[in-house]
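Single-letter residue listing:
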Amino acid sequence: MEALIHYFETIPSLHRSFLLVGGISFFWLLEGAIPLVFFKYRKWKHALPNLFFTGTTVLINFALAFLLLKTSDWTVKANFGIINWLPLPYWAFVLLGLLLLDFFGAYLAHYTEHKIKWLWRIHLVHHTDHYVDATTANRHHPFESIIRFAFTLFGVVLVGAPIGIVMLYQSVSLIATQFTHANIKLPKKADKVLSWVLVSPDMHKVHHHYMLPYTDANYGNIFSIWDRIFGTFMTCDREAIVYGVDTFPDEEENGTIKSHLKQPFHSYRKPTTLER
């Protein structure tokens, strides 16, 4: 475990790039072998705006990375943060750090974006994809990339995570989000068992259903525990899921970079709730 954390303390940028590009490539190929939905779309045309926003996310996180490093180093030197205040064996120290970073950096950020109207307008860029696949994973408006970074930074302070755990969290989070968005079909029983611990593809696809209450459920990224604890876990037959958002149904408009960049400046549109 210590060797793993030491590796992530000094993980080369090339290795991190491989996780991003290799992950998307792997799941993109897997989508061709075991697709959940047989999309009738031009895969590369659909991917281009998603990859553009993946690029802006990478650039923003790279530009702000020094803040993570400085903040993490401070928590270690000051012995500040939840995991530093508890007498834990090293494996539990690392695991709790991952769990809590997943809560603050992913679940709490995601939940907040759905509950505050102006944040929802920013987050809509991610939800207006009508063909959810591996490239959807990091389809975030640049404003959202900054917001999510702020939540992660807040989490690093409260958790007291050393940089090795922070880098491990970000790497696992990247692969997890590619996995859960990928258009792949796991056996239903396997997916259900997996969802008791980790966010599974079927579990997250519910979140991408086009209408409430499903859109406001299953906010988790790595661990499913947070949705189960806070009552936001929901199931839906995967064959019944329709991707997109009911308030922005124009598929052509939702496929352009220009319209996505202007998305936060639209007026709020009240969504419709499905009868269950």
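Along each chain, numbering runs from 1 in the same order as the chain's sequence is written. For a predicted model such as this one, the threshold for reporting local features is a pLDDT of at least 70, and the threshold for listing and counting side-chain atom pairs is 80 or more; totals across whole chains, interfaces and linings nevertheless cover every residue. Side-chain metrics in this entry use all non-hydrogen atoms of the structure; hydrogen atoms and water are not considered.

### Here's the deal with unusual backbone geometry
So, step 1. P213 follows L212 through a cis peptide bond whose omega is 5°.
So, step 2. Helix and strand definitions follow DSSP, with helices as H or I runs of at least four residues and strands as E runs of at least two, each counted in order from the N terminus. Relative to the assigned elements, P213 resides in the loop between helix 10 (201-207) and helix 11 (225-229).
So, step 3. With a phi angle near 55°, N79 is a residue other than glycine that sits in the positive phi range.
So, step 4. Positionally, N79 belongs in the loop between helix 3 (43-78) and helix 4 (82-85).

### Some points on the side chain of H46
So, step 1. Tracing the sequence through the fold places H46 in helix 3.
So, step 2. Per-residue accessibility, obtained with a 1.4 Å probe over protein chains only, is compared with the maximum for each type, and a residue is labelled buried under 20%, exposed over 50%, and partly exposed between these values. Taking relative accessible area as the criterion, H46 reaches 10% and is therefore assigned buried.
So, step 3. The contact rule is simple, with two residues in contact once any of their heavy atoms fall within 4.5 Å. Once residues within four sequence positions are removed from consideration, H46 is found in contact with Y41, D129, Y131, D133, T135 and T136.

### A few points about empty space enclosed by the protein
Over the atoms rolls a probe the size of a water molecule, and its path tells where empty space is left.
So, step 1. Using a 1 Å grid laid over the protein atoms alone, points where a 1.4 Å probe fits but cannot get out form a cavity; open sets with protein on both sides within 12 Å along at least 5 of 7 lines form a pocket; any residue with an atom within 4 Å of a point counts as lining. Grid points are joined across faces, edges and corners, and a volume is the space filled by probe spheres set on the points. In the structure shown here, the tally under the stated rule is one cavity of 30 Å³ or more.
So, step 2. In this structure, the largest cavity encloses a volume near 30 Å³.
So, step 3. Every residue along the wall of the largest cavity is listed here: F248, E253, N254, S259, Q263 and H266.
So, step 4. Three residue categories are used. Nonpolar comprises Ala, Val, Leu, Ile, Met, Phe, Trp, Tyr, Cys and Pro, charged comprises Asp, Glu, Lys and Arg, and polar comprises the others, including Gly. When grouped by side-chain class, the residues that make up the lining of the largest cavity number one nonpolar, four polar and one charged.

### Considerations on the layout of surface pockets
So, step 1. Looking at the largest pocket, its volume works out to about 1,200 Å³.
So, step 2. In terms of lining residues, the largest pocket is bounded by 46 residues, among which R16, T57, N61, Q170 and L174 are the most central.
So, step 3. For the lining of the largest pocket, the secondary structure elements donating two or more residues are helix 1 (2-9), helix 2 (13-33), helix 3, helix 5 (90-115), helix 6 (117-127), helix 7 (142-159) and helix 8 (163-181).
So, step 4. Tallying contributions element by element places helix 8 first for the lining of the largest pocket, with ten residues.
So, step 5. For the lining of the largest pocket, the class distribution of residues is 20 nonpolar, 23 polar and three charged.

### Description of the packing of aromatic side chains
So, step 1. What counts as a ring pair is set by centres within 6.5 Å for rings of Phe, Tyr and Trp (its six-membered ring), and what kind of pair is set by the plane angle: stacked under 30 degrees, edge-to-face over 60, tilted for all other angles. Per the stated rule, a full pass over the model turns up 23 aromatic pairs.
So, step 2. Consider the rings of F103 and Y107, whose centres lie 5.9 Å apart with planes at 20°: the pair is stacked. Highlighted residues: F103 and Y107, both in helix 5, separated by four residues, approximately one helical turn.
So, step 3. On the accessibility criterion, Y107 (4% relative accessible area) is buried.
So, step 4. Seen in terms of ring centroids, F104 and F154 are 5.8 Å apart; in terms of plane orientation they differ by 90°. Their pairing is edge-to-face. Of this pair, F104 sits in helix 5 while F154 sits in helix 7, placing them 50 residues apart in sequence.
So, step 5. Under the relative-accessibility criterion, F154 is labelled partly exposed at 43%.
So, step 6. Three or more aromatic residues joined by ring pairs make a cluster, and in this case those are F103, F104, Y107, Y111, F154, Y219, W226 and F230.
So, step 7. In this arrangement the basic side chain of R228 is found over the ring face of W196, its NZ or CZ atom lying 3.9 Å from the centre.
So, step 8. Criterion for a charge above a ring: Arg CZ or Lys NZ at most 6 Å from the ring centre, at most 35 degrees from the ring normal. The ring centre of F233 lies 4.0 Å from the NZ or CZ of R228, which sits over that ring.

### What about the UniProt feature "domain: Fatty acid hydroxylase" (unreviewed entry) in the chain?
So, step 1. Annotation from UniProt places "domain: Fatty acid hydroxylase" (unreviewed entry) at residues 96-232.
So, step 2. Secondary structure content for residues 96-232 is 64% helix and 0% strand, while the C-alpha to C-alpha distance between its ends is 21 Å. UniProt positions are given in the numbering used here, feature names are shortened, and annotations may be inferred rather than shown by experiment.

### Here's the deal with the pattern of salt bridges
So, step 1. When a carboxyl oxygen of Asp or Glu lies within 4 Å of a side-chain nitrogen of Lys or Arg, that pair is called a salt bridge. Taken as a whole and assessed by the stated rule, the structure comprises nine salt bridges.
So, step 2. The partner of E144 in a salt bridge is R148, and the shortest N-O contact between them spans 3.1 Å. Pair noted here: E144 and R148 are both in helix 7, with a separation of four residues, about one helical turn.
So, step 3. Looking at E144, the relative accessible area reads 0%, which means it is buried.

### Brief notes about the nonpolar core
So, step 1. Within the largest apolar cluster, 31 residues are counted, with the highest numbers of intra-cluster contacts made by L68, L101, V159, I165, V166 and M167.
So, step 2. Those elements giving two or more residues to this core turn out to be helix 1, helix 5, helix 7 and helix 8.
So, step 3. Aside from chain neighbours lying at most four places away, what touches V166 is L68, S72, L101, V156 and A161.
So, step 4. Side-chain atoms within 4.5 Å link the members of a nonpolar core, which is a set of buried Ala, Val, Leu, Ile, Met, Phe, Trp, Tyr and Cys residues. Counting residues in hydrophobic clusters, the runner-up holds ten residues, among them L36, A217, I241 and Y243.

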